[in-house]
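Structure assessment
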Amino acid sequence: MQALLNVILPVFIVIGAGWLASWRGLLKDNAVDGLMSFTQTIAIPCLLFRAIWTLDLGAYFDPKLLISFYTGAIAGFVVGLLGARYLFRRPWEDSVAIGFCGLFSNSLLLGLPITERAFGPEALNGNYAIISIHSPLGYAIGITAMEIARARSRGTELRRLPVTILRAMFRNALVIGILIGLLFNLGNISLPAPMLEALDMVTRTALPAALFALGGVLYRYRPEGDMRAILFVCALSLGLHPAVMYLMGTALDLPTDAMRSGVVTAAVAPGVNAYVFANMYGVAKRVAAWSVLLATRLCFFTTWGWLHLLP
């Protein structure tokens with residue numbers, strides 16, 4: 001109960017405050033969109049740049065952590081895609097979007113603050129190692145699968161697929177922030193003290209502002225959808241992914257900090273990017289929206305359970 005009150009509850013209070021502000025009309029939709037746009041295109045990319053720039057790549061890029069986490073993520077994608085297609089009889093394009101919900105954890109807005117509050121800022125290095133390839137890998141898998149599905153249904157050629165994937169990835173601000181951070185890290189590039197202080201001022205706003213905006217965005221996600229498919233996605237995101245991560249991490253004898261980062265990040269709900277991806281292609285938007293909303297509510301309790309399994 002102490003973990004619930006001290007670690008998870010403050011995160012959801014901030015989300016709830018954003019939801020309440022939207023519900024009561026204190027923030028209009030355009031204001032919420034502006035705040036989310038600021039966090040997604042400026043503040044969080046700056047946070048990722050700062051974190052990757054100063055991350056000890058040799059010490060914290062543990063292959064066992066990344067293999068454990070992304071095996072679970074890819075398992076969620078594959079099971080979600082095939083389940084949507086063969087259990088719920090969805091078109092292939094819908095199935096890819098539903099699979100993407102099982103792939104893409106909310107590693108930034110939920111994984112980072114919950115890990116930080118549970119285990120301290122020094123425990124976040126594993127989170128940043130996961131996040132550094134989360135968007136590039138996730139979007140590469142999702143876009144590749146979607147473009148193959150669309151080409152299959154339309155009978156078009158796949159020769160333009162690599163260009164489509166690269167264009168979509170390099171327009172993503174999160175990916176750009178990560179890549180610049182890697183460049184600065186590998187090149188041992190420094191910044192003047194005033195610029196560093198300004199950067200830190202922006203990064204300190206990233207998580208609280210993004211959590212508040214997430215609450216406002218989730219207020220709008222109230223469409224009716226297929227509840228069986230939505231519950232299926234919740235089971236993948238909150239159950240299958242962290243279970244695979246935990247079992248593989250145990251089998252590979254992951255260090256304590258790496259295990260904590262991996263399991264907490266795997267155990268959180270799908271991120272808003274799951275809905276963004278579905279909206280980008282105009283498929284399975286109702287299922288994606290409700291999956292984000294319902295799984296975010298459910299992980300308030302399920303994350304507490306996973307925390308109790310961790311050392």
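Calculation notes
Along each chain, the written sequence defines residue order, and numbers are assigned to residues from 1. In keeping with the predicted nature of the model, local features appear solely for residues at pLDDT of at least 70, side-chain atom pairs appear and are counted solely at 80 or more, and the whole-chain, interface and lining totals rest on all residues. To get the side-chain values, take all heavy atoms of the structure and skip hydrogens and water. Distance thresholds for patches are 9 Å for like charges and 5 Å for nonpolar side chains (Val, Leu, Ile, Met, Phe, Trp, Tyr), applied to residues having over 30% relative accessible area and no salt bridge. Areas reported as accessible are Shrake-Rupley estimates using a 1.4 Å probe. Residue values count occlusion only from the protein chains shown. Only one rule defines a salt bridge in this text: a Lys or Arg side-chain nitrogen within 4 Å of an Asp or Glu carboxyl oxygen. Numbering of helices and strands starts at the N terminus; helices are DSSP runs of H or I of at least 4 residues and strands are runs of E of at least 2. When a residue's accessible area, from a 1.4 Å probe over protein chains only, is under 20% of the maximum for its type it is buried; when over 50% it is exposed; and in between it is partly exposed. Note on method: axes are straight lines fitted to C-alpha atoms, helices fitted across the in-contact stretch only, with angles between N-to-C directions ranging 0 to 180 degrees. Angle categories are assigned with fixed cut-offs, so that under 35 degrees is roughly parallel, over 145 is roughly antiparallel, 65 to 115 is roughly perpendicular, and the rest are oblique. We call a crossing left-handed when the near helix sits turned anticlockwise from the far one by less than a right angle, and right-handed when that turn is clockwise. Contacts between residues were defined by any pair of non-hydrogen atoms, one from each residue, lying within 4.5 Å. Basically, the charged four are Asp, Glu, Lys and Arg, the nonpolar ten are Ala, Val, Leu, Ile, Met, Phe, Trp, Tyr, Cys and Pro, and anything else, Gly included, counts as polar. pLDDT gives the predictor's per-residue confidence on a scale running from 0 to 100.

1. Looking at a nonpolar patch on the surface
A cluster of nonpolar side chains, namely Ile74, Val78, Leu82 and Tyr86, defines an oily patch on the protein surface of about 350 Å² accessible area. Following the sequence through the fold, isoleucine 74 ends up in helix 4 (residues 63-86). Classification of isoleucine 74 by relative accessible area gives partly exposed; the value is 36%.

2. Some words on the packing of helix 2 (residues 29-54) against helix 9 (residues 173-187)
Direction vectors running N to C along helix 2 and helix 9 enclose 25°, while the axes themselves pass 7 Å from each other. Taken as axis vectors, helix 2 and helix 9 run roughly parallel relative to one another. The crossing of helix 2 and helix 9 is right-handed. Each of Gln40, Thr41, Ile44, Pro45, Leu48, Phe49, Ile52, Trp53 and Thr54 in helix 2 lies in contact with helix 9, whose residues at this interface are Ala173, Leu174, Gly177, Ile178, Ile180, Gly181, Leu182, Phe184 and Asn185. Within the contact of helix 2 with helix 9, the residues separate by chemical class into 12 nonpolar, 6 polar and no charged.

3. Things to note about the pattern of salt bridges
Inspection of every chain in the model, using the stated rule, returns 5 salt bridges. Note that aspartate 200 is salt-bridged to arginine 50, the shortest N-O span being 2.8 Å. Linking aspartate 200 in helix 10 (residues 193-220) with arginine 50 in helix 2, this pair joins segments that are 150 residues apart in sequence. We classify aspartate 200 as buried; its relative accessible area is 16%. Across the salt bridge formed by glutamate 197 and arginine 204, the nearest N and O atoms sit 3.5 Å from each other. For arginine 204, a relative accessible area of 53% translates into the label exposed.

4. Brief notes about the environment of leucine 211
By secondary structure assignment, the location of leucine 211 is in helix 10. Its relative accessible area of 5% is what places leucine 211 among the buried residues. Sequence separation between leucine 211 and isoleucine 230 is 19 residues; the distance between their C-alpha atoms is 22 Å. With residues near it in sequence (within four places) discarded, leucine 211 still touches Val11, Val14, Ile15, Leu109, Leu110 and Pro113.

5. As for the packing of helix 6 (residues 107-119) against helix 10
Interaxial distance between helix 6 and helix 10 falls to 10 Å at its minimum, and their mutual angle equals 125°. As summarised for this structure, helix 6 and helix 10 are arranged oblique, according to the angle between their axes. Crossing of helix 6 against helix 10: the hand is left-handed. Between helix 6 and helix 10, the contacting residues are Leu108, Leu109, Leu110, Leu112 and Pro113 on the first element and Leu207, Ala210, Leu211 and Leu214 on the second. The residue makeup of the contact of helix 6 with helix 10, split by class, is 9 nonpolar, no polar and no charged.

6. As for the confidence of the model for the protein chain
Looking at the protein chain as a whole, its pLDDT mean stands at 87, while 94% of the residues score no less than 70. Helix 3 (residues 57-60) is the least confidently modelled element of the protein chain, averaging 71 in pLDDT, while helix 4 averages 97, the highest of any element.

7. Thoughts on the side chain of threonine 39
Relative to the elements of secondary structure, threonine 39 occurs in helix 2. Residue class for threonine 39 comes out buried when judged on its relative accessible area of 0%. With sequence-adjacent residues up to four places away left out, threonine 39 is seen in contact with Ile44, Pro45, Ala206, Ala209 and Ala210.

8. Quick look at unusual backbone geometry
Unusually for a residue other than glycine, asparagine 188 sits at a positive phi of about 55°. Examined against the element boundaries, asparagine 188 turns out to sit in the loop between helix 9 and helix 10. According to the relative accessible area criterion, asparagine 188 is exposed, its value standing at 72%.

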